[in-house]
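Remarks on the overall topology
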Amino acid sequence: MSDQNTPPGPQFPGQGGSQYPPQHVAPYEQMQMGGGTWQPEAPKPKRGKLIPIVAALAMVLVVAGGGIFAYGKLNGGKQPDTVLPGTAIGYLRVDLNPSAGQKLAALRFLMKFPSAKDKLKLTGDKDDLRQKIFEAIKADDDDLKDVDYAKDVEPWLGDRIGLAALPATDAKKKEPSLVFAVQVKDEKAATKAMEKGVKEPDDSAYAFTDGYMVVAETKPELDSALAAAKTSPLAENTQYQADLEKLGEPGFATLWADFAALTKAVGELAPAKVDPIGNGSMAAALRFDEQYVELKGFVRADQEIVTKAADASELVTKLPDTTAAAISLSGVDSSIDALWKSLGKSGEFGDVVQGFAEQTGLKLPDDLKALLGKNLSVVVDKDASAGPKIAARLETDPAKAEPVIAKLTTLLQQQSPVQVPIETAKDGDTLVVSTDKEYAGKVLENGNLGGSESFKLALPDVTGATAIGYVDFDGLNSVLEAMGEKSNADVQALRSAGMVARNTGNFEGEFTLRVVAK
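Here the structure is a predicted model, which means the values were calculated and not measured. (Residues numbered from 1 in each chain as written. Predicted model: local features only at pLDDT ≥ 70, side-chain atom pairs only at ≥ 80, totals over all residues. Heavy atoms only, no water.)

Before going further, it helps to spend a moment on the overall build of the protein. The secondary structure content of the protein amounts to 18 helices and 17 strands. The buried share among the 518 residues of the protein stands at 47%. Long-range contacts, defined here as pairs at least 24 residues apart, represent 70% of the contacts in the protein between residues at least 6 apart. Of the roughly 24600 Å² that the protein leaves accessible, carbon and sulfur atoms contribute 53%. (Helix = DSSP H or I, 4+ residues; strand = E, 2+ residues; numbered from the N terminus. Buried < 20%, exposed > 50% of the residue type's maximum accessible area, 1.4 Å probe, protein only. Contact = heavy atoms within 4.5 Å. Areas by Shrake-Rupley, 256 points an atom, 1.4 Å probe, with all protein chains shown as cover.)

What follows is the structure, given as structure tokens:
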């Protein structure tokens, strides 16, 4: 093993602040695909070359490629988790060299999206995807202008990259340390690439060990990580081992997190107290074929994760065929009880709830449980020609829910400059609240959304689900156009998306997110 001090060091996302590794899937917000996506800080002069080359390459592969699902066994050789510490609170692994069939599938999938095709300058099945992605990164980063892929990267870059988030080792630095493990084929070539640029005192540090180049922001962090990995690597962490075994096929990218350690790190950074959510972990794999991208994983905990109710499939499959987007949740009332108990540990949360209750006249959480009831579906219709049609179908006691709706309607009318119509329809223990009276009646009736092809492609298995989300992109585009907005060409290339979560017992749950292209 040989230590080297590199030229210009890495500029990690959010350096100097409380930021974490970027997420590859943007959140849903208000029933629309989108939301904030991570953006890197503006490049700083004289940065090290390794972090832009490797970190950006891994990130873009995960985000743009959607994950290359290697159905067979992974290539031989050690994994990054063998040279990273077992104290990791989070870990991401990316395999850059899947089977030939999967490379072909990746290219064909990417070719469906105009921006990816243009950005990566894709021409067909024979493109070298790794080179195309690197060249796209290089075009947007002046620090890489003198780096040639064929000469400076390809000769030494191996197939795998691992990124571990480690607890802070410096008392003055509260945020976790980020350490990369990059598989290398040629240490001399890698060293030569690292030495490009101007050396500065605060450059990152790196060392070679067991076929990997381990890179940290500072030499003390590197030394600490190497020492910890030598005696207790992540690969030997018993919780991590059990999670990876349960996950099965790791796919093109694997994500793992230790909840207790992660929550502790967040609590040290947050301005307000953050209480632990208990011991547990999460593991997920990003997988892909020509038609869809899929993130599949599971969660372990030492307390109930989600309600044991499993009626979400019955709720969502019987929504109207004209649904553009929907989310269905089962066991809502019991979930509110569990959530309130957990959040009630925080004094700050209690103050916020008390203030909201006083402002609205609501009794919480009782009024919230009365309103939402046992099961809940929120749905948006494709037809927005006369304004958006949105409805909530609630399995509850209408006699208890309607007074709460009246309070909220009065509050909405007082606070909102736009008067939103509130219409209801009910039958037995089912209450529908909608922005359109006719649509309220339609949602109250049983539809056949579960029988549509787009739904079945996005959600092939909804059995026993406790939560389901669904988007029909053609329908969503219709809603946007009716509101004077126009979706971009990439969104128009999508067919549908689905999310499903279920309780599998023993304080465990599983989830799947799938996005289907046309």
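After that view, the rundown keeps rolling.
We now examine the pattern of salt bridges. Within the structure shown, the criterion is met by 17 salt bridges. The partner of Asp210 in a salt bridge is Lys78, with the nearest N and O atoms 3.7 Å apart. Placement of the pair is Asp210 in the loop between strand E5 (205–209) and strand E6 (212–216) and Lys78 in the loop between helix H1 (50–65) and strand E2 (90–95), with a sequence separation of 132 residues. Judged by relative accessible area, Lys78 falls into the partly exposed class, the value being 43%. (Salt bridge = Lys/Arg side-chain N within 4 Å of Asp/Glu carboxyl O.)

To continue, consider the pairing of strand E11 (residues 375–381). The buried count for E11 comes to six of seven residues, which makes it a mostly enclosed element. Pairing between E11 and strand E12 (residues 390–395): six bridges, direction antiparallel. Its bridge partner lying in E12, Val378 is registered against Ala392. (Pairing = 2+ DSSP bridges.)

Before going further, it helps to examine the pairing of E5. For E5, a buried count of five out of five residues is recorded, marking the element as mostly surrounded by other parts of the structure. Because side chains alternate across E5, one face comprises the buried residues Ala205, Ala207 and Thr209, and the other comprises Tyr206 and Phe208, equally buried. The pairing of E5 with E6 spans five bridges and is classified as antiparallel. Each residue of the ladder has a partner; that of Ala205, found in E6, is Ala216.

Here we come to unusual backbone geometry. Note the cis peptide between Leu364 and Pro365, where omega equals 5 degrees. Within the secondary structure layout, Pro365 lies in the loop between helix H12 (347–360) and helix H13 (366–372). At Asp210, a position not held by glycine, the phi torsion is positive, near 50 degrees. For Asn506, which is not glycine, the phi dihedral falls at a positive 55 degrees. Among the residues examined, Asn506 registers a relative accessible area of 73% and is labelled exposed.

Attention now goes to the side chain of Asp81. Its place among the elements puts Asp81 in the loop between H1 and E2. There is no salt bridge for the buried Asp81, and the closest opposite charge comes from Arg93, which lies 7.1 Å off by N-O distance. A polar atom in the side chain of Asp81 sits 2.7 Å from the side chain of Tyr240. Beyond its immediate chain neighbours, meaning those up to four positions away, Asp81 contacts Tyr91, Pro233, Leu234, Ala235 and Tyr240. (Lys, Arg positive; Asp, Glu negative; His and termini not counted. Polar contact = N/O pair within 3.5 Å; in protein donor to acceptor, adjacent residues only side chain to side chain.)

Those residues of helix H8 (residues 238–247) not exposed but buried are Tyr240, Asp243, Leu244 and Leu247. The buried residues of H8 occupy one face: seen down the axis, they fall within an arc of 95 degrees. More than 90 degrees from the buried face of H8, the exposed residues found are Thr238 and Glu245. Where the residues of H8 are buried, they touch E2, strand E7 (253–258), strand E8 (280–288) and strand E9 (292–301). Put simply, Asn237 is the residue that caps the front of H8, since its side-chain oxygen is 3.0 Å from the backbone nitrogen of Gln239. (Arc of directions from axis to C-beta.)

What follows concerns the confidence of the model for the protein. Per-residue pLDDT for the protein averages 77, and the proportion of residues at 70 or more is 75%. Counting interchain partners and residues more than four positions distant, the pLDDT-below-50 stretch residues 1–75 has 202 contacts. (pLDDT = per-residue confidence, 0-100.)

A word on the nonpolar core. Buried together is how nonpolar side chains tend to be arranged in soluble globular proteins. Ranked by size, the top nonpolar core spans 53 residues in total, and within it Phe113, Trp156 and Met213 carry the most contacts. Residues within four places of Phe113 in sequence aside, it is in contact with Asp490, Ala493, Leu494 and Ala517. Core analysis: the second largest hydrophobic core is formed by 24 residues, Ala88, Leu166, Val179 and Tyr212 among them. (Core = buried A, V, L, I, M, F, W, Y, C linked by side-chain atoms within 4.5 Å.)

Among the residues making up helix H6 (residues 187–194), those that are buried are Ala190, Thr191, Ala193 and Met194. Across the axial projection of H6, the buried residues extend over an arc of 160 degrees, all falling on one side. Among the exposed residues of H6, those oriented more than 90 degrees off its buried face are Lys188 and Lys192. The opening residue of H6 is Asp186, an N-cap whose side-chain oxygen sits 3.0 Å from the backbone nitrogen of Lys188.

Moving on: a nonpolar patch on the surface. A cluster of nonpolar side chains, Leu412, Val418, Val420 and Ile422, forms an exposed patch at the surface whose accessible area comes to about 280 Å². Tracing the sequence through the fold places Leu412 in helix H14 (residues 398–415). (Patch = residues over 30% accessible without salt bridge, like charges linked within 9 Å, V, L, I, M, F, W, Y side chains within 5 Å.)

Moving on, we come to the packing of aromatic side chains. Tallied over the entire structure, the rule returns four aromatic pairs. Consider the rings of Tyr240 and Trp256, whose centres lie 5.3 Å apart with planes at 90 degrees: the pair is edge-to-face. Taken together, the residues span a long stretch of sequence, with Tyr240 in helix H8 and Trp256 in strand E7 at a distance of 16 residues. Trp256 shares its class with Tyr240; the two are buried. Taken together, a centroid distance of 5.1 Å and an interplanar angle of 55 degrees make the contact between Phe455 and Tyr470 tilted. In this pair, Phe455 sits in helix H16 (residues 453–458) while Tyr470 sits in strand E15 (residues 467–472), placing the two residues 15 residues apart along the sequence. Here Phe455 matches Tyr470 in class, with each residue buried. Feature note: the residues Tyr91, Tyr240 and Trp256 constitute an aromatic cluster, connected by ring pairs. In this structure, Lys246 packs its charged tip against the face of Phe298, placed 5.6 Å from the ring centre. Here the guanidinium or amino end of Arg514 rests over the ring plane of Tyr292, the centre of that ring lying 3.7 Å away. (Phe/Tyr/Trp six-rings, centres within 6.5 Å; stacked < 30°, edge-to-face > 60°. Lys NZ or Arg CZ within 6 Å of the ring centre and 35° of its normal.)

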